[in-house]
Amino acid sequence: MYKIRPTLPAETGRIDRPALAGINFEDVFAITPSPLLILNRDLVIVYANAAYLTTTGCALSEIQDRYVFEAFPETEDRVSLFMSAFRQALDGTTNTLTTEPYAIPVDGGGMREVVWTCTHAPLRNADGEVEFVMQNALDITEKHRSELENRVLIRELGHRVKNSLATMQAITRMSLIDTKSIAEAREDLLARMHAMSEVQNLLVDRSWRGSRIDAILVNALVPFGYVQDGPCRIHLDGPPAAVSAKQAQALSMALHELATNAAKYGALSNDDGTVHVTWTLSDTESGHLALTWREAGGPTVLEPTRKGFGTTMLTRILAQEINGEIAMDYRTDGLVCTMEGWLEHRT
């Protein structure tokens, strides 16, 4: 629960003329859209307006002349909190408190949880003595829910930013180690940063709820000539399959490395080579994914003499993220890379 906060009483000094004749303030009170409740010094309900009665699902006859905590039973802690707020108002101090979610009945049966901001103001008689307390209850449920969601999103954003920075640091370090010149390092690093940025955009569009394999493939391979609705040398074939944000990032970066290698040395380095990417999802093996990258028609393939960044990205980082295995088969007629693992989210 939140603490009671003293608030400044309403400034009435500008009301320097008597009320206009003909205005019935009982009617004004009754139709005011904010839920209002009036208690006497014994905390007995004297009156409530239509908005209050609608909100609580009561008729005035059901609660009038009843002790407030008899009409609306509360837990011991909440009774203590509201009692303190009422007593402060009876002592002349206007105050506001915010409640924890509170269940109230709804039309047609059932209950719904509401969070209130309740302001308690003293009402004085002609002698200046506090005779009543008016409670103005403001429903802030949606605002409260939105604030909670924003806190979660901010924490999640902080977590994502830290992870992204750590990933970029690792990519930068490995790019500098993996290349032979500053010019090569600059070119490779900028390309990898662009690939990382593109997958971030893809994930942001889905509020970081992950993505789909087909979307990840398209996103990663468009820079290398993939055309979704037209003829091209890159072919994709597989069923819908959803992946987590972490898996999406790792898979996207791995595909970027495969495509970069194909553009420099493999099937996409000439005018005739092709790349076929196929994948299957087993419904009987808890989301088991099998994906194959197959090149054909490119220059004769020679197995590299050392492991570069791309191989490390595939065989270590991606394999860890999908809890599976990656195999690189350097066939003379084209590289074949097979990936097997398990998805964290499924369609």
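Cut-off values and rules
Residues numbered from 1 in each chain as written. Predicted model: local features only at pLDDT ≥ 70, side-chain atom pairs only at ≥ 80, totals over all residues. Heavy atoms only, no water. Salt bridge = Lys/Arg side-chain N within 4 Å of Asp/Glu carboxyl O. Buried < 20%, exposed > 50% of the residue type's maximum accessible area, 1.4 Å probe, protein only. Helix = DSSP H or I, 4+ residues; strand = E, 2+ residues; numbered from the N terminus. Polar contact = N/O pair within 3.5 Å; in protein donor to acceptor, adjacent residues only side chain to side chain. Contact = heavy atoms within 4.5 Å. Pairing = 2+ DSSP bridges. Axes fitted to C-alpha atoms, helices over the stretch in contact; angles between N-to-C directions. Patch = residues over 30% accessible without salt bridge, like charges linked within 9 Å, V, L, I, M, F, W, Y side chains within 5 Å. Areas by Shrake-Rupley, 256 points an atom, 1.4 Å probe, with all protein chains shown as cover. Expected span 1.5 Å × (residues − 1).

(A) Representation of the pattern of salt bridges in the model. Using the criterion set out here, one finds four salt bridges in the structure. Residue Arg78 is joined to Glu74 by a salt bridge in which the shortest nitrogen-to-oxygen separation is 2.5 Å. Using a relative accessible area of 7% as the deciding quantity, one classes Arg78 as buried. The partner of Asp214 in a salt bridge is Arg212, and the shortest N-O contact between them spans 3.5 Å. Note on Asp214: relative accessible area 29%, which makes it partly exposed. You can call Arg212 partly exposed: its relative accessible area is 32%.

(B) Fine view of the side chain of His288. Along the chain, His288 falls in strand β13 (residues 288-296). The exposure class assigned to His288 is buried, which follows from its relative accessible area of 12%. Polar side-chain contacts of His288 include one of 3.2 Å to the side chain of Glu340. The residues contacting His288, other than those within four sequence positions of it, are Thr280, Leu281, Ser282, Glu340, Gly341 and Trp342.

(C) Broad picture of the sheet that holds strand β4 (residues 95-98). With antiparallel pairing, six strands are arranged side by side in an open sheet as β1-β4-β7-β8-β2-β3. Looking along the sheet, the strands with just one partner apiece sit at the ends: β1 (5-6) and β3 (45-48). Here five bridges tie strand β2 (residues 36-40) to strand β8 (residues 130-139), and the two strands are oriented antiparallel to one another. Bridge pairing in β8 links Leu37 to Gln135.

(D) Region of the structure containing the pairing of strand β14 (residues 325-331). Sheet topology places β14 next to strand β15 (residues 334-342); seven bridges connect them, and they run antiparallel. Residue pairing in the sheet places Glu325 in a bridge with Glu340 of β15. Here β14 folds back onto β15, and the loop between the two strands holds two residues.

(E) Region of the structure containing the sheet that holds strand β10 (residues 234-237). Spatially, β10-β12-β13-β15-β14 is the arrangement adopted by the five strands of the open sheet, whose pairing is mixed. Looking along the sheet, the strands with just one partner apiece sit at the ends: β10 and β14. Pairs of neighbouring strands in the sheet enclose a mean axial angle of 10°, with direction left out of account. Bridge analysis of strand β12 (residues 274-282) against β13 gives nine bridges, and the strand direction is antiparallel. Following the sheet pairing, Thr280 is matched in β13 by Ala290.

(F) Molecular detail of a nonpolar patch on the surface. Nonpolar side chains collect at one region of the surface, where Leu20, Ile23, Phe25 and Val28 lie side by side and expose about 390 Å² of accessible area between them. Inspection of the secondary structure assignment puts Val28 in helix α1 (residues 25-31).

(G) Seen up close, the environment of Ile4. Counting through the fold element by element, Ile4 comes out in the segment before β1. For Ile4, a relative accessible area of 18% translates into the label buried. C-alpha of Ile4 to C-alpha of Asn95: the two residues are 91 residues apart in sequence and 6.6 Å apart in space. Dropping the residues within four chain positions of it, Ile4 is found in contact with Leu81, Ser84, Ala85, Gln88, Asn95, Thr96 and Leu97.

(H) Spatial organisation of helix α9 (residues 245-264). Look at α9: 29 Å from first C-alpha to last across 20 residues, which is about the 28 Å you get at 1.5 Å a residue. Counting buried positions along α9 gives 16 out of 20 residues, so the element sits mostly inside the fold.

(I) Main features of unusual backbone geometry. One non-glycine residue, Leu43, lies in the positive phi region at around 60°. Along the chain, Leu43 falls in the loop between β2 and β3. On the accessibility criterion, Leu43 (1% relative accessible area) is buried.

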